[in-house]
Amino acid sequence: MNPKMLNRLFPATRVSGFSETDSTVLFYNLVNSLLAEGSVVLDFGAGRGVRSEDTVPWRVKLAVTSLISVRRVAVDVDPAVLQNPFAKDRFVMPLERGRVRVPMEDASVDVIICDWVVEHLADPAEVFLELKRVLRPGGSVCVRTSNKWHYAHLAARLLGSSKAGALALRRAQPGRKSEDVFPKLYRANSTRSLRSAFAKAGLRESAVFTWDPEPAYVGGSVPGAVVGFGLHRLALLGLLPRACLLGFATKP
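Quick notes on the rules
Residues numbered from 1 in each chain as written. Predicted model: local features only at pLDDT ≥ 70, side-chain atom pairs only at ≥ 80, totals over all residues. Heavy atoms only, no water. Buried < 20%, exposed > 50% of the residue type's maximum accessible area, 1.4 Å probe, protein only. Helix = DSSP H or I, 4+ residues; strand = E, 2+ residues; numbered from the N terminus. Contact = heavy atoms within 4.5 Å. Phe/Tyr/Trp six-rings, centres within 6.5 Å; stacked < 30°, edge-to-face > 60°. Lys NZ or Arg CZ within 6 Å of the ring centre and 35° of its normal.

J.: How should I be thinking about helix H3 (residues 23-33) in this particular structure?
T.: Owing to its 3.6 residues per turn, the α-helix brings residues three or four apart onto one side. If you check which residues of H3 are buried, you get Ser23, Thr24, Val25, Phe27, Tyr28, Val31 and Asn32. On the buried face of H3, the contacting elements are helix H4 (57-63), strand E6 (109-115), strand E7 (135-146), strand E8 (204-211) and strand E9 (244-250).

Here it is, written out as structure tokens:
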């Protein structure tokens, strides 16, 4: 969104740099609340650590779980994870017959973060089963992903990887780098399907809910920001689908 419009429509950004509905702040506040000193945190699908390019220091601090001393491990099938600046340990995950294998021992992790990952998974329940393997009993899986019923994600599903889809993404998020764009499948991107994937993997749901942050897909124009803000307000009232899907589950 246009920075001037963001400051006008979301007053908290004038103080902190992030809005009162910021999904990163909400998600990582919840993640941090689950941690204790010495916890082992697995960042699943961590990538190259794009959060390091965030211009809001507090959001970065929350996202790297540095409010408390923890051991952070980053894994991804993409070798770019070896560049991730936030983790002490970084591993490229092997694929065994097309299935991901986390290179960690059974019951060795306290909290797993899946931030903007689930929308890319071909079989989310199968992946959650592997994540359950490395979780300690009582450990948590924390998911932030797209709500497939939100207008932006509906458009992305319809346009896919076509030229029109690529053009729309460039206009909506002009600062996004090409290496940070991956195919999306949306196999567990509704409250019902995410709950089902948790259950199939034998994880116990703590909470699954939708959230609507400030609109991020309206480009930099003032008219786009006004329209996006109007849709955002309707979503907060429950009259339209919200953009984000958040899910938390534990290993019994």
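After that view, the rundown keeps rolling.
J.: Quick question: what am I supposed to make of the packing of aromatic side chains here?
T.: What characterises a pair of aromatic rings is the spacing of the ring centres plus the angle enclosed by the ring planes. All chains considered together, the criterion is met by four aromatic pairs. Ring centres 5.5 Å apart and planes at 85° place the aromatic pair phenylalanine 10 and phenylalanine 229 in the edge-to-face group. Of this pair, phenylalanine 10 sits in the loop between helix H1 (3-9) and helix H2 (13-16) while phenylalanine 229 sits in helix H9 (residues 222-236), placing them 219 residues apart in sequence. Aromatic pair phenylalanine 128 and phenylalanine 198: ring centres 5.0 Å apart, planes at 40°, arrangement tilted. On the criterion of sequence distance, the pair formed by phenylalanine 128 in helix H5 (residues 124-134) and phenylalanine 198 in helix H8 (residues 191-200) is long-range, its members being 70 residues apart. For the pair formed by phenylalanine 128 and phenylalanine 198, the shared burial category is buried. Members of the aromatic cluster, each reached through a chain of ring pairs, are Phe27, Tyr28 and Phe248. We note arginine 157 situated over the ring of tryptophan 149; from NZ or CZ to the ring centre the distance is 5.1 Å.

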